Amino acid sequence: MGEKTVESVRKAPVVLLGAGAMGAALGRAWLAAGHPLTVWNRTAVRAAALAGEGAAVASSVAEAVAGGRLVVVCLLDDESVEQALAGVELAGKDVVNLVTGTPGQARARAAWAERRGARYLDGGIMAVPPMIGVPAAGAYVFYSGSGELFEEHREVLAVPAGVRYVGADAGAAALHDVALLSAMYGMLGGIAHAFALVRGEAIAPVELAPLLTGWLTAMAGSVERTAGQLESGDYTTGVVSNLAMQVAGQETLLRTAEEQRVSVELLSPYFRLMAHRLALGNGAEDLTGVVDLLRR
């Protein structure tokens, strides 16, 4: 019985709406694992590309959705989801929405699915298309919403990438996704500033790169420290370089940028928050207090 159950899950059919770069990568992973795949895409030629690998191509969204219970949506945005599924019968379907959106959009879409008789799971893909279907790449997807849906389809969803269920709140996956992406862009902003400083100097970017990688990797340890301080509410214990010291050091960074004729627009917003926190009398703290200033 157990073996039969695993086989039935492994071969479960998947309906895929959207065959762009990410959708196509997901589709190929399911096909490679032996899952019957029905695909629809607004631009038919993209769906046709998967047909050569064994997918059934539907001529309409309604036809595609009729082809299976598990419906995975990988379209451009939330508006595209609304337009594609308008008037389509969803009662009894399990809708997994992998469109990048906001937590609010995910919660509204979950309520929309419930009104139409469907179970709903929202997803945030932490990967780019080449990582999909490659276990060693470390790709994974945050999921939130119906826990029953997630458990029932866990093995199917885990075929293209790892799965991380983050709760019944449908907006939780999008929130996790955007939080990580926001941190990434902050880091990329710092990297851009660093390269701009040495641009035109006798320091080759390829020479600076491993130094940057090593430094940022070492500094990543501050993530756990910040989390612990936020949990405890104590921002002063175990501080090595306090806020007052770091604000004092800003002048050197800003003057160096001026000498190198580099804009400080990527650094200034954060520096202003640090200075504000110091002005409130929190010089002995770590930088964690900036988090509280960002909350409105």
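Please read these numbers as outputs of a predicted model, since none were measured by experiment.

## Focus on a nonpolar patch on the surface
- A surface patch of nonpolar side chains, amounting to about 680 Å² of accessible area, comprises Met-184, Tyr-185, Met-187, Leu-188, Trp-215, Leu-216 and Met-219.
- Listed by contribution, the elements that provide at least two residues to the nonpolar patch are α8 (172-198) and α9 (205-219).
- Among the elements that make up the nonpolar patch, the one with the highest residue count is α8 (four residues).
- Among the residues examined, Met-219 registers a relative accessible area of 38% and is labelled partly exposed.

## Some thoughts on the pattern of salt bridges
- Scanning the entire structure with this criterion turns up 13 salt bridges.
- Put simply, Asp-78 and Arg-109 hold a salt bridge, and the shortest N to O gap is 3.1 Å. Linking Asp-78 in helix α5 (residues 78-85) with Arg-109 in helix α6 (residues 103-115), this pair joins segments that are 31 residues apart in sequence.
- You can call Asp-78 buried: its relative accessible area is 18%.
- Residue class for Arg-109 comes out buried when judged on its relative accessible area of 5%.
- Members of the salt-bridge network, linked through shared partners, are Arg-69, Asp-94, Arg-119, Glu-148 and Glu-152.

## Section: the sheet that holds strand β3 (residues 56-57)
- The mixed open sheet is built from eight strands, whose spatial order is β3-β2-β1-β4-β5-β6-β7-β8. Edge positions in the sheet fall to β3 and β8 (162-165), since each of these pairs with one other strand and no more.
- With four bridges joining them, strand β1 (residues 14-17) and strand β2 (residues 37-40) adopt parallel strand pairing. Counterpart to Leu-16 in the pairing with β2 is Val-39.

## A few points about the packing of α8 against α9
- Relative to each other, α8 and α9 sit at 145°, their axes nearing to 11 Å. Judged by the sense of rotation from one axis to the other, the crossing of α8 with α9 is right-handed. Listed contacts from α9 to Met-187, Ile-191, Ala-194, Phe-195 and Val-198 of α8 are Pro-205, Leu-208, Ala-209, Leu-212 and Leu-216.
- Class assignment for the residues of the contact of α8 with α9 results in ten nonpolar, no polar and no charged.

## Looking at empty space enclosed by the protein
- Per the stated rule, a full pass over the model turns up one cavity of 30 Å³ or more.
- Here the largest cavity defines a volume of roughly 60 Å³.
- Residue lining of the largest cavity: Asp-78, Asn-97, Val-99, Thr-100, Gly-101, Thr-102, Gln-105, Ala-106, Asp-122 and Ala-174, and that is the complete set.
- Here the residues of the lining of the largest cavity sort into three nonpolar, five polar and two charged.

## A closer look at the packing of aromatic side chains
- Taken as a whole and assessed by the stated rule, the structure comprises three aromatic pairs.
- With a centroid separation of 5.2 Å and an interplanar angle of 85°, the aromatic rings of Tyr-140 and Phe-142 are classed as edge-to-face. With respect to class, Tyr-140 is no different from Phe-142; both count as buried.
- With a centroid separation of 5.0 Å and 20° between ring planes, the pair formed by Phe-150 and Tyr-165 is classed as stacked. Linking Phe-150 in helix α7 (residues 147-157) with Tyr-165 in strand β8, this pair joins segments that are 15 residues apart in sequence.
- Take Tyr-165: its relative accessible area is 31%, and that puts it in the partly exposed class.

## Some details on α6
- Its 13 residues give α6 an end-to-end C-alpha distance of 19 Å, which sits within 8% of 18 Å, the value for a rise of 1.5 Å per residue.
- For α6, the complete set of buried residues consists of Pro-103, Ala-106, Arg-109, Ala-110, Trp-112 and Ala-113.
- The secondary structure elements touched by the buried residues of α6 are α5, β5 (94-97), β6 (119-126) and α8.
- Backbone geometry just after α6 places Gly-117 at a positive phi near 80°.

Cut-offs applied
Residues numbered from 1 in each chain as written. Predicted model: local features only at pLDDT ≥ 70, side-chain atom pairs only at ≥ 80, totals over all residues. Heavy atoms only, no water. Patch = residues over 30% accessible without salt bridge, like charges linked within 9 Å, V, L, I, M, F, W, Y side chains within 5 Å. Areas by Shrake-Rupley, 256 points an atom, 1.4 Å probe, with all protein chains shown as cover. Salt bridge = Lys/Arg side-chain N within 4 Å of Asp/Glu carboxyl O. Helix = DSSP H or I, 4+ residues; strand = E, 2+ residues; numbered from the N terminus. Buried < 20%, exposed > 50% of the residue type's maximum accessible area, 1.4 Å probe, protein only. Pairing = 2+ DSSP bridges. Axes fitted to C-alpha atoms, helices over the stretch in contact; angles between N-to-C directions. Left-handed = near helix turned anticlockwise from the far one by under 90°. Contact = heavy atoms within 4.5 Å. Nonpolar A, V, L, I, M, F, W, Y, C, P; charged D, E, K, R; others polar. 1 Å grid on protein atoms, 1.4 Å probe; cavity = no way out; pocket = protein on both sides within 12 Å on 5 of 7 lines; lining within 4 Å. Points joined across faces, edges and corners; volume = space filled by probe spheres on them. Phe/Tyr/Trp six-rings, centres within 6.5 Å; stacked < 30°, edge-to-face > 60°. Expected span 1.5 Å × (residues − 1).

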